[in-house]
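Architecture at a glance
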Amino acid sequence: LAAGVDAIWITTAPGIAGALPANKARTLLGQETDAIVFDAHSGLDVNAFAAISGTLRGGGTFYLLTPPLDEWADFPDPDYRRFLPYPYQPEDANGRFLRRFVGLLKSPSFPLFQRGKPSSQYPALADRFPPLKKGGQGGFLQQDAVTAILRSEDPVVLTADRGRGKSAALGMAASQLITEGKRVLLTAPSRATVESVFKHAENTPDFFAPDDLLQTLPQADVLMVDEAAAIPVPLLLKMLEHYPRCVFSTTLHGYEGSGRGFALRFQKQLDIHAPGWQSIRLYQPIRWVENDPLEQFINQTLLLDVDAGLPVGAVREPPLHHRPLNRDDLAQNEPLLRQLFGLLVTAHYQTRPSDLRQMLDAPDISIHILEQADEILAVALLSREGGLDAELTVAIHAGKRRPHGHPIPQTLTFHAGIAEAAQLVCERVMRIAVHPNLQGQGLGSELLGHLVKYAESSGADYIGVSYAMTPELLRFWERAGFVLARVGHRRDTASGSHSAVQIRGLTAAGKALADQPFVQSTKPL
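These lines cover the structure that appears in this document, whether it is placed above or below. (Residues numbered from 1 in each chain as written. Predicted model: local features only at pLDDT ≥ 70, side-chain atom pairs only at ≥ 80, totals over all residues. Heavy atoms only, no water.)

Taking burial as the measure, the ten residues of helix 2 (residues 96–105) include eight buried ones, the bulk of the element. Of the positions making up helix 2, those classed as buried are R96, F97, L98, R100, F101, V102, L104 and L105. Contact partners of the buried residues in helix 2: helix 1 (46–53), strand 3 (56–65), helix 10 (293–302), helix 11 (327–332), helix 12 (334–347) and helix 13 (353–361). (Buried < 20%, exposed > 50% of the residue type's maximum accessible area, 1.4 Å probe, protein only. Helix = DSSP H or I, 4+ residues; strand = E, 2+ residues; numbered from the N terminus. Contact = heavy atoms within 4.5 Å.)

If you want it as structure tokens, here you go:
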């Protein structure tokens, strides 16, 4: 890098002043830089990769340091450790995600420059993607959002893709409201999420975590909810009930969560509970030009721009077809992958790029779909866990070992106190999602029936699920024959719910496990 260039380094390599590991990249949100150096040898943390790209100014350069591209898929990426269960190591992971990533990186639509290659194209690149000029349409749209927040007495929904100045608009509006004598509260899934809001607010609002806000209900004139897509709709409705003047802000296509699913689910509820609500959408990027190639590449590789494709009001009719997917084939079938991940993004309130990588590469995961005429109506992910040896199980039971992964076998062994539970094999339902337009028609139950049959045929002792408990979900799993094995003592900060574990025995040993007198929390739902 040239002397004087403002640059951000993301690496764990020693000796680089100011460098940060990928898991600290979120602390840089809201900053701007001329260059980013992302060291993939330290691990390709795709959430950080997406997030940090938003700090790059138009005309800047993103340097991605990688192993040789033709060898990268076989590289034992340190980032695999986040989702590899015991006893797997990074060299055991399948590089499906990286093979797809490299294939897209080499596509003609993306300007790729490799070490040792001629650099004569660089001037043409600078001419093609000039720095973004200040002002223009982007500034006016951002000011429109600020004005709408200041004037509206009804709820405002502020949506944008990354880099459109959404957080800055919140900060400026909050500051002006406080100047006018209003008390403004700010909530978000985490305080780190709203650092950019505080950066743009001369007068700072009071921050509350979602669960703390709903437990204490402090007085306020305006409530601002940032990254609302990462908070379950029932909690947002509780906030709206107590704070009629709300601003719900979220990223539609981003690393934080699934904004499109939020738009579909929550806005339908707003039509019922607050029909005068106002929608504001920011389109123009603030720090880079429209149709920026880096943004397009990140959206494509991490599937940040996918949506579920079924039309509103679609009605299913037989026949329906269930099948497990081959992940090697899925990674090479871009239309099917986009459709599948689009459904996951739309149907679930929190889906991130790391979920895509885990889905493709983690060992012992199987993907199951319910489809009709090449349209995916429902999808489920299973993770095979447990089957641990007796010595390790004894150590888990005694609280002396906590190997990575295997959440349900471990919680039954340690928290529920069942000495040999981790020796049994579990198929855990990681995710089950039905297209929002088709929910309530029994599709989830139908797919779950196929999952039970698959788990039985694969030799699992039981099938289990862990989720943020609500009365509706508890009834769903109970109707499918799952018994409540454990309820967590703490509420999740974002969802405000207790975690629940439910299981259904399949073999004689699994049924005996399900018949155990589990030690459960007595906290109410």
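Glancing now at the side chain of R428. Tracing the backbone through its elements, the reader meets R428 in strand 13 (residues 425–434). A polar side-chain atom of R428 sits 2.7 Å from a polar atom in the side chain of E385. When sequence neighbours within four positions are dropped, the list of residues in contact with R428 reads L381, L382, S383, E385, P407, I408 and G464. (Polar contact = N/O pair within 3.5 Å; in protein donor to acceptor, adjacent residues only side chain to side chain.)

Right, let's get into the environment of Q410. Among the secondary structure elements, Q410 is positioned in helix 15 (residues 407–414). When the C-alpha atoms of Q410 and L388 are compared, they prove to be 9.8 Å apart, with 22 residues separating the residues in sequence.

Let's shift gears to the packing of aromatic side chains. Taken as a whole, this structure holds twelve aromatic pairs when the rule is applied. Between F38 and F49 the ring centres are 5.7 Å apart and the planes differ by 85 degrees, which places this aromatic pair in the edge-to-face class. You can see F38 sitting in strand 2 (residues 33–39) and its partner F49 sitting in helix 1, a full eleven residues away along the chain. F49 carries the same exposure label as F38, and that label is buried. Measuring from ring centre to ring centre gives 4.8 Å for F248 and F266, while their planes differ by 70 degrees; the resulting arrangement is edge-to-face. With F248 in strand 8 (residues 246–251) and F266 in helix 9 (residues 259–273), this pair connects stretches of sequence that are 18 residues apart. Across the pair, exposure class does not vary: F248 and F266 are buried alike. (Phe/Tyr/Trp six-rings, centres within 6.5 Å; stacked < 30°, edge-to-face > 60°.)

Moving on, we come to the nonpolar core. Counting 59 residues, the largest nonpolar core has L340 and M359 as its most contacted members. Here the element with the most residues in this core is helix 12; it accounts for eight residues. Setting aside its immediate chain neighbours within four residues, M359 contacts R327, L330, L337, L340, F341, L344, I365, I367 and L381. One finds L443, L448, V465 and L474 within the second-largest nonpolar core, a separate group that totals 28 residues. (Core = buried A, V, L, I, M, F, W, Y, C linked by side-chain atoms within 4.5 Å.)

The subject of this paragraph is the sheet that holds strand 3. Strand order across the open sheet formed by three strands is 1-2-3, with parallel pairing between neighbours. Edge strands, defined here as strands with exactly one partner in the open sheet, are strand 1 (7–10) and strand 3. Averaged over all adjacent pairs, the angle separating strand axes in this sheet is 15 degrees, with direction ignored. Sheet topology note: the strand 1/strand 2 ladder contains four bridges and is parallel. Counted as the bridge partner of A7 is A35 from strand 2. (Pairing = 2+ DSSP bridges. Axes fitted to C-alpha atoms, helices over the stretch in contact; angles between N-to-C directions.)

Now for the pattern of salt bridges. One pass over the structure, following the stated rule, counts 20 salt bridges. Two residues, D328 and R96, come together in a salt bridge whose shortest N-O distance is 2.8 Å. Taken together, the residues D328 in helix 11 and R96 in helix 2 connect sequence positions 232 residues apart. Under the relative-accessibility criterion, D328 is labelled partly exposed at 35%. Under the relative-accessibility criterion, R96 is labelled buried at 12%. Between R164 and E295 there is a salt bridge, with the nearest N and O atoms lying 2.4 Å from each other. Taken together, the positions of R164 in the loop between strand 4 (156–160) and helix 5 (166–179) and E295 in helix 10 put the pair 131 residues apart, joining distant regions of the chain. A single burial state applies to R164 and to E295, both of which are buried. One salt-bridge network, held together by shared partners, links D45, D77, D79, R82, R357 and D361. (Salt bridge = Lys/Arg side-chain N within 4 Å of Asp/Glu carboxyl O.)

The end-to-end C-alpha separation of helix 16 (residues 443–457) is 21 Å, in line with the 21 Å expected for 15 residues at 1.5 Å each. Within two residues after helix 16, G459 carries a phi angle of roughly 90 degrees, on the positive side. (Expected span 1.5 Å × (residues − 1).)

Let us look at the sheet that holds strand 4. Taken together, the six strands give an open sheet; going across it, the order is 6-5-7-8-4-9, and neighbouring strands pair in parallel fashion. The sheet is open, and its two borders are formed by strand 6 (206–208) and strand 9 (278–282), each paired with just one other strand. Within this sheet the neighbouring strands show an average axis-to-axis angle of 20 degrees, counted without direction. Contacting strand 5 (184–187), strand 7 (222–225) and strand 8, helix 8 (residues 233–242) crosses the sheet at an angle of about 155 degrees to strand 8.

Attention now goes to the packing of helix 2 against helix 13. Across the interface, helix 2 lies against helix 13 with an axial gap of 7 Å and an inter-helix angle of 120 degrees. With respect to helix 13, the element helix 2 is oriented oblique. Of the residues in helix 13, those touching helix 2 at R96, F97, L98 and R100 are L356, R357, L360 and D361. A per-class count over the contact of helix 2 with helix 13 returns four nonpolar, no polar and four charged. (Parallel < 35°, antiparallel > 145°, perpendicular 65-115°, else oblique. Nonpolar A, V, L, I, M, F, W, Y, C, P; charged D, E, K, R; others polar.)

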